[in-house]
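Examination of the molecular architecture
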Amino acid sequence: MANFEELSKSVISGNLAKVKKVTQALIDEGVSPLDIINLGLIAGMGVVGARFKNGEMYVPEVLVAARSMRAGIELVQPLIASEDMPSAGKVLLGTVKGDLHDIGKNLVGMMLESRGYTVINAGIDVSSEKFVQFIKEHKPDILAMSALLTTTMLGMKDTIELMKEEGLKDQVKVIIGGAPISNDFADEVGADGFAPDAASAVDLCNRLLA
Amino acid sequence: MTTRTNFKAYSSTMMKVFSQDQCQELVLAAEEAMWRTGTDFYDKESLEILKKAGCWVDGKRVRIPAHITEQALKTCQKHVVLCNSRTGARELFVEGNNAYFGSGPCTPFTRNPFTNERHRATRQSVGWATKVLDALPNIDYAMSLGIVQDVPLLISDRHEFEQQILNTDKPIITVCVDAWGQADVIKMAELVAGGEEELRKNPFICLYAEPISPGIHCLEAAQKLVMGAKKGLPTIYTPCIMAGGTAPATMAGVMVQGLCESLSGLVLSQCAREGAPFIMGGVYTVLDMKTTIFSYGAPELHLLLAGLADVAHYLNIPMFGTAGCTDSCVIDEQAGIEAALSIAMTNMSGANLNHDTGYSEYGTTSNLDLVVIADEILGMARRLTKGIHVDQETLALEVIEKVGPGGNFADEDHTLEHIEENYAPRLVNRAARNIWEKAGSKTLTQVANEKVRDIINHHEPIPLPKDVAAKIREIVENAVGHVPGEDE
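Residues numbered from 1 in each chain as written. Chains lettered and ligands numbered in written order. Predicted model: local features only at pLDDT ≥ 70, side-chain atom pairs only at ≥ 80, totals over all residues. Heavy atoms only, no water.

Our next topic: the overall build of chain A. Within chain A, the regular secondary structure consists of nine helices and five strands. Seen in sequence order, chain A has helices and strands lined up from the N terminus as α-α-α-α-β-α-β-α-β-α-β-α-β-α. Whereas a compact globule of 210 residues would reach a radius of gyration of roughly 17 Å, chain A reaches 18 Å, a difference of no more than 12%. Based on the C-alpha atoms only, the size of chain A along its principal axes is roughly 55 × 35 × 30 Å. Counting only residues that meet the buried cut, chain A has 50% of its 210 residues in that class. (Helix = DSSP H or I, 4+ residues; strand = E, 2+ residues; numbered from the N terminus. Rg over C-alpha atoms; globule rule 2.2 N^0.38 Å. Buried < 20%, exposed > 50% of the residue type's maximum accessible area, 1.4 Å probe, protein only.)

Residues A:Leu41, B:Val132, B:Val311 and B:Leu368 are the most contacted members of the largest nonpolar core, which totals 136 residues. Contact partners of B:Val311, with chain neighbours within four places excluded, come to B:Phe18, B:Cys23, B:Leu26, B:Val27, B:Met255 and B:Leu259. In terms of nonpolar packing, the next biggest core, distinct from the first, is built from 27 residues, A:Leu92, A:Val132, A:Met145 and A:Met163 among them. (Core = buried A, V, L, I, M, F, W, Y, C linked by side-chain atoms within 4.5 Å. Contact = heavy atoms within 4.5 Å.)

Attention now goes to the sheet that holds strand S10 (residues 205-209) of chain B. Residues and elements named next belong to chain B. Within the open sheet, the seven strands sit side by side as S6-S17-S16-S14-S12-S10-S9. Their pairing is parallel. On the outer flanks of this sheet lie strand S6 (100-103) and strand S9 (172-174), each paired with one strand and no other. The average undirected angle you get between the axes of adjacent strands in this sheet is 30°. Of the strand pairs in this sheet, strand S16 (residues 319-322) and strand S17 (residues 353-357) are connected by three bridges, and their pairing is parallel. Counterpart to Phe320 in the pairing with S17 is Leu353. This element, helix H5 (residues 156-167), spans S9 and S10 of the sheet and lies at about 180° to S9. The strands touched by helix H10 (residues 299-315) are strand S14 (278-281) and S16; relative to S16, the strand with the most contacts, the crossing angle is about 170°. (Pairing = 2+ DSSP bridges. Axes fitted to C-alpha atoms, helices over the stretch in contact; angles between N-to-C directions.)

Our focus in this paragraph is the layout of surface pockets. Residues and elements named next belong to chain A. As a volume, the second largest pocket reaches approximately 380 Å³. Forming the boundary of the second largest pocket are 15 residues, of which Ile73, Gln77, Met85, Tyr117 and Thr118 lie nearest the centre. Sorting the residues of the lining of the second largest pocket by element identifies helix H3 (33-53), helix H4 (59-76) and strand S2 (117-126) as the ones contributing at least two each. If one sorts the elements of the lining of the second largest pocket by residue count, H4 sits on top with four residues. Three or more residues apiece are contributed to the lining of the second largest pocket by two domains, here domain 1 (4-84) and domain 2 (89-209). (1 Å grid on protein atoms, 1.4 Å probe; cavity = no way out; pocket = protein on both sides within 12 Å on 5 of 7 lines; lining within 4 Å. Points joined across faces, edges and corners; volume = space filled by probe spheres on them. Domains from an automatic or database assignment.)

Further remarks concern the side chain of B:Arg158. All names here are of chain B. Tracing the backbone through its elements, the reader meets Arg158 in helix H5. Within the structure, Arg158 has its side chain in polar contact with the side chain of Asp184 (distance 2.9 Å). At 3.2 Å, the side chain of Arg158 forms a polar contact with the backbone oxygen of Val480. Beyond its immediate sequence surroundings of up to four residues, Arg158 is in contact with Val177, Trp180, Gly181, Asp184, Met188, Val476, Ala479 and Val480. (Polar contact = N/O pair within 3.5 Å; in protein donor to acceptor, adjacent residues only side chain to side chain.)

Residue and element names in this part refer to chain A. The strand order across the open sheet formed by five strands is S2-S1-S3-S4-S5, and the pairing between neighbours is parallel. For this open sheet the edge positions go to S2 and strand S5 (193-194), each flanked by a neighbour on one side alone. Judged from the five bridges that link them, strand S1 (residues 89-96) and strand S3 (residues 142-146) form a sheet pairing that is parallel. From the neighbouring strand, Thr95 faces S3, where its bridge partner is Ser146. Across the sheet, helix H6 (residues 128-138) is in contact with S1, S2 and S3; its angle to S1 comes to roughly 165°. Packed onto the sheet, helix H7 (residues 154-165) meets S1, S3 and strand S4 (173-177) and runs at close to 155° relative to S3.

This part takes up the domain arrangement of chain A. Residues and elements named next belong to chain A. If you check the domain split of chain A, you get domain 1 (4-84) and domain 2 (89-209). For domain 1 and domain 2, the distance between their C-alpha centroids amounts to 27 Å. Each partner contributes to the interface: domain 1 provides ten residues, whereas domain 2 provides eight residues. For the pair domain 1 and domain 2, the summed buried surface comes to about 750 Å²; carbon and sulfur atoms form 72% of the total. For the pair domain 1 and domain 2, the interface holds two salt bridges. Close ionic contact of Glu113 with Arg70 constitutes a salt bridge, the shortest N to O distance being 3.3 Å. The tally of links from domain 1 across to domain 2 stands at two residue pairs in polar contact (both at pLDDT 80 or more). Every element with two or more residues in the side of domain 1 that touches domain 2 is listed here: H3 and H4. (Buried area = accessible area lost by both parts, 1.4 Å probe. Salt bridge = Lys/Arg side-chain N within 4 Å of Asp/Glu carboxyl O.)

Let us look at the domain arrangement of chain B. What the domain assignment reports for chain B is domain 1 (75-386) and domain 2 (392-421). Between domain 1 of chain B and domain 2 of chain B, the C-alpha centre-to-centre distance is 43 Å.

Residue and element names in this part refer to chain A. The final tally for this structure, using the stated rule, is three cavities of 30 Å³ or more. Considering only enclosed or pocket space, the largest cavity measures out at about 90 Å³ in volume. Every residue lining the largest cavity is listed: Gly49, Phe52, Lys53, Val62, Met111, Ser114, Arg115, Ala199, Val202 and Asp203. Looking at the lining of the largest cavity, the elements that each hand over two or more residues are H3, helix H5 (103-114) and helix H9 (198-209). Residue-level mapping places the lining of the largest cavity at the junction of two domains, with at least three residues from each of domain 1 (4-84) and domain 2 (89-209). In this structure, the second largest cavity occupies an estimated 80 Å³ of space.

What follows covers the side chain of A:Ser146. Along the chain, the position of A:Ser146 falls in strand S3. When near neighbours in sequence (up to four residues on either side) are disregarded, A:Ser146 contacts A:Gly94, A:Thr95, A:Val96, A:Lys105, A:Met156 and A:Gly177.

All names here are of chain B. On the surface, a cluster of nonpolar side chains totalling about 600 Å² of accessible area is made up of Ile388, Val390, Leu395, Leu397, Ile400 and Phe409. You can see Ile388 is positioned in the loop between helix H12 (368-386) and helix H13 (392-395). Among the residues examined, Ile388 registers a relative accessible area of 72% and is labelled exposed. (Patch = residues over 30% accessible without salt bridge, like charges linked within 9 Å, V, L, I, M, F, W, Y side chains within 5 Å. Areas by Shrake-Rupley, 256 points an atom, 1.4 Å probe, with all protein chains shown as cover.)

Residue-level contacts link 23 residues of chain A with 24 residues of chain B. For the pair chain A and chain B, the summed buried surface comes to about 1900 Å²; carbon and sulfur atoms form 74% of the total. Per-residue buried area on chain A facing chain B is highest for A:Leu100, A:Thr150 and A:Thr151; these three make up 28% of the total on that side. The tally of links between chain A and chain B comes to zero salt bridges. In this structure, the connection of chain A to chain B is made through three residue pairs in polar contact (both at pLDDT 80 or more). Residue classes in the side of chain A that touches chain B are distributed as 14 nonpolar, seven polar and two charged. (Nonpolar A, V, L, I, M, F, W, Y, C, P; charged D, E, K, R; others polar.)

Let's shift gears to the packing of helix H1 (residues 20-36) of chain B against H10(B). Residues and elements named next belong to chain B. The contact between H1 and H10 brings their axes to 9 Å, and the two run at 90°. The orientation of H1 with respect to H10, classified from their angle, is roughly perpendicular. Seen from H1, the contacting residues are Gln20, Cys23, Gln24, Leu26 and Val27; seen from H10, they are Asp310, Val311, Tyr314 and Leu315. The residue makeup of the contact of H1 with H10, split by class, is six nonpolar, two polar and one charged. (Parallel < 35°, antiparallel > 145°, perpendicular 65-115°, else oblique.)

Next comes the structure, spelled out in structure tokens:
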């Protein structure tokens, strides 16, 4: 019986070197690559997520754990056909046009990745046209838009309108966030949800894709 | 008779975070970061100005040689005065160790003092907030306490300023959405002052811009800073940084990151117009690692800004600090603790112009009850920094002798003569329990809320002349919004 517990524990403590070592050992033993991911790496991150929610772990610890998990996945990935790679979903992420604020969106991205999502980061100052282009290219399950300014948050509505015009709105859920955003605003612009912080953004994605 | 020689006395309570040597160490580290790492400017004109001044420009990245920074520190105006908008009286000397306090700008939300509903800020809410700021004796200037959102959002700043100038004669710090907004607001201020020269002579407005940390001077911020410098109007430049997120986790690292951004802004202002009055701002705090909020109540906020005050004093440049705010979503015990600690500590540090009084919910929602409570805290904090005056009269040996053991000082002339030294509270309760119960057993927040309502219902700010108000209205009505990021 492969030792998944040791791998999970290494992920929880964010011990990147050990995660690599144990993952490699499991691969060498001939353990199923999908089991390594699901029962070892992702299982470890599951514990991290629960502990973060309980206030027992802090953001940097979560991110370090996620980094060690990714290092493990990189070792296993070549052994799995890409369509078999487990993913909680694909999220396209960006800050709207005219807005260069970066950190909140990036925290959301890192928290999503730590919970098994594939994240495509479109960056900052992303126009509606660019969002739509990214959607066509990457076919995400969810589009997550960020804005810090009341002057730029209108870009969210523009993007959603353009998505409707292009017939993309039914295929992709839209979530929004940032200091001036509220549930009411999300309803007003036709988004599928609003999350007040990074952790609840993950919960929101889970709910929308359930 | 006693004689005192070679004697040192404090005229105020003293507090220091950094020594002179440490201040120098921080500033030199910032100069190193400005040169080694540099910062990014997104405005073409700013890039040209900086390049012409001798900075190393590579695309958006600007590396500033230390001698240019040091020159800018020499040339910026140290003596900055903000005036009364109706009379031109010179009121706030934003310099040295003077500490002034006022509200904050730009909260998307506010709490209605009559219904307790949390909603988006409006023309009415900003008008009410300004009225409250106008009426409170310890509040020295006004910021809007809300982004007006019941108007087209791209011109909300013009509406905001109109509400402010109609409702207070105190100095106004104005935060505009972009250079066009700032140009309109300056135009309105010039109308009130009686012309461009009059406004420059006795400025009652102070401009405001902020970089996006770490190290990005966005188009709007750089353009507003250059415009302020060219107009010769005091301009605040405020990095809002969080340890562990947009700055290093170490407090010294936060200082370096913040100073690097502020001083890069200073260099731009001085290269745009030598001698321009520049106010070094700061909201330095932590990224809360449980919730990922930008904390307005963390002890590190007060510590970092008291440290920044030491650096500002060392550099002899005016500083814009932060106090009287809370992460709490309502005005409760947490709000009181956080507001009191920040006001007391900031006041002791001698930071010059301190904002964000009235911020709740980590800076997203303004609350007028908190402004009124902060006004009372300010009274207490200022009593703390008045210190204890020691001389023959205050040592009071004569009256101690006169009253003698078992006597009573209450009816002595000496007592009457010195009673005003001590703070007389206006809001907090010191009454006996029965009396407090008879008055309705109210909490501090309830009393504060009653005062807010009373001010809104009854306070009458000194009005603007009707013709000036009409011209301002005209500018507001003709304002044209520009899409963010638009350059021309």
